[in-house]
Amino acid sequence: MAAVGDLAVKFGGLIKKERVFDFKNGVFGAPTKRSEVCALNLRKLRAGGSRIGGAQAVMQVGVESDAGVSRDSKNLEGALGFDVVTEVELREKGFLGLRKTKLVCTIGPACCSLDDLEKLAMGGMNVARLNMCHNTREWHQDLVRKINKLNEEKGFCVSLMIDTEGSQIHVVDHGAPSTVKAEEGSVWFFTNEKFEGSRPFTIQANYEGFAEGIQVGDEIVFDGGMATFKVVEKVGNDLRCKCTDPGLLLPRAKLSFWRDGKLVEKNYQLPTLSPKDWSDIDFGISEGVDFIAMSFVNDADAVTHLKNYISTKSSKSIQVLAKIESLEALHKLHEIVAASDGIMIARGDLGVEIPLEQIPTVQEEITYVCRQLNKPVVVASQLLESMVEYPTPTRAEVADVSEAVRQYADALMLSGESAIGPFGQKALSVLRMTSSRMELWSREENRQDILFQHNLEPSLPDQIADQICNSAAAMANNLGIDAIFVYTRHGQMASVISRNRPNPPIFAFTNESSTRMALNLRWGVTPLVVDLSDDMEGNITRSVHLLKTNGLIKNGDTVLVVSDIIPTSTTQTVFQSIQVKTIA
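Criteria and cut-off values
Residues numbered from 1 in each chain as written. Predicted model: local features only at pLDDT ≥ 70, side-chain atom pairs only at ≥ 80, totals over all residues. Heavy atoms only, no water. UniProt positions renumbered as here; feature names shortened; annotations may be inferred. Disulfide = S-S within 2.5 Å. 1 Å grid on protein atoms, 1.4 Å probe; cavity = no way out; pocket = protein on both sides within 12 Å on 5 of 7 lines; lining within 4 Å. Points joined across faces, edges and corners; volume = space filled by probe spheres on them. Helix = DSSP H or I, 4+ residues; strand = E, 2+ residues; numbered from the N terminus. Nonpolar A, V, L, I, M, F, W, Y, C, P; charged D, E, K, R; others polar. Buried < 20%, exposed > 50% of the residue type's maximum accessible area, 1.4 Å probe, protein only. Contact = heavy atoms within 4.5 Å.

- In the nomenclature of an unreviewed UniProt entry, the protein chain is known as Pyruvate kinase of Salvia divinorum.
- Recorded in UniProt under Catalytic activity (unreviewed entry), the annotation for the protein chain is "pyruvate + ATP = phosphoenolpyruvate + ADP + H(+)".
- The protein chain has a UniProt comment under Sequence similarities (unreviewed entry) that states "Belongs to the pyruvate kinase family."

**Concerning the state of the cysteines**
- Tallied over the entire structure, the rule returns zero disulfides.
- Free of any disulfide, cysteine 105 has its nearest neighbouring cysteine sulfur in cysteine 111, separated by 7.2 Å.
- Considering cysteine sulfurs only, cysteine 111 is the nearest to cysteine 112, which forms no disulfide, with 6.8 Å between them.

**Some remarks on empty space enclosed by the protein**
- With the rule as written, the count across this model stands at two cavities of 30 Å³ or more.
- In this structure, the largest cavity spans a volume of roughly 260 Å³.
- In this structure, the largest cavity is lined by 21 residues; those nearest its centre are Asp83, Thr86, Arg99, Lys102 and Asn126.
- The set of elements that each furnish at least two residues to the lining of the largest cavity consists of helix H2 (84–93) and strand S26 (525–529).
- Split into classes, the residues belonging to the lining of the largest cavity amount to 10 nonpolar, six polar and five charged.

**Thoughts on the side chain of threonine 526**
- Within the secondary structure, threonine 526 sits in strand S26.
- Take threonine 526: its relative accessible area is 11%, and that puts it in the buried class.
- Here threonine 526 is in contact with Phe82, Thr86, Ile506, Phe507 and Ala508, once residues within four sequence places are set aside.

Next comes the structure, spelled out in structure tokens:
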């Protein structure tokens, strides 16, 4: 592919007030360093008029070659932070063959061995989710050790997420068989009495006041419809109920209460985070997890409070995902999305609180809002529910997964399919193949052209950075670029380019491990840990050399390069650029 040229944009520092155009050198607002250069000078007078902030853009024609790579750079061979799965996929399928939708797997008894975890990682698992509703602290700690071992010794890049239990009324996991089936017409006793082991036809609730306000004739629904009971008698603080819809009674299943077809709002008096949740959060911080998913979020204040708490407890950047699973959360969606680092659409619990027929449109709306505010969104719950028991999904489930990919969700999540089902690896394979096929269809249809982007930041430099990213994605599509390289310490420009859903894959080079793990949840972004310096040309040359050395890029490939590196030598200059380079 022919070289298109190098376009570089620089922001910050002081510039002259006079507008200068040098016809001889073909420059507007900046001295030329190379031939065939044109530039645009944008400036804005700061308050008081004593200082000027601005932007300088330079268009250059050039070819990227590693002929001048220093001996020290060549000694970095093998230091590129590719995970083994992406490297294999890139060799086999090329740049455009890389899957862009990220995959999250819930880890449970069915997949907690080191061998099973490695198979999931090889199958494309980007994030391992630990549901703190289940298992012991020691079990979770052992799992964290295993994931870290795979990353360090096997070359994977699997991020860790803990999911808080949240203040909800659910069945106590008392060590009985993992699943019990309730038959139609059978009578069960619901109690908050604490006892060890299990009792026949007895369900132990975790919340002492679970029966308050409940009347004879009300219904109790397990996990959004897995089984349904009708209250036939109140016995003190307990309930005697008859099964009206038979089904499985899973450990830690959420209980919801209905009267005359409407939800009885009992949970909202409970705090968002229980004492157990705070203990689990401290555990996650101490173990260095990358994401904390916050259950039953009903307002932005709860998210902000948790983020502030984490900042005082950890020097590492830990992302907070708010789970949207209640009607109240939908009413405050924009403020919750804005406050959080990402969103999980918990469709199972959400489907209990709103009519089932509204789930598809609500999912699309949440996904759209997240993209407009540049927050990653995970579509979760019941994607391939039948694969908890069967080795193949229903065609309706595959269509559901395809729709989530068509809506450009950042990630898809397996729950029981991987945690307790015997076919977790097959379920993961279904997600991988379906998302890859739908991404190919979207490219063929050029659907990215219809995506409208909301302006993210009010300040001029941030608005310009936003426009750079939007333009970079458009340029990559229009010019048929093979890949987008982003050099970033905190991942901001990589995430903004990602929300544009460009055709080529995005490789984010960062020297921050926490940035790498956070970007692991972003659509189309392959994060790599490398040493970065203030010398952008040096960064580009070194990384291109490493890619060529490993056979991952070849002569003639064209890459679009974007940077938001802030030089450490000065606090007043931010270098943001777009360059298009042909590898030679």
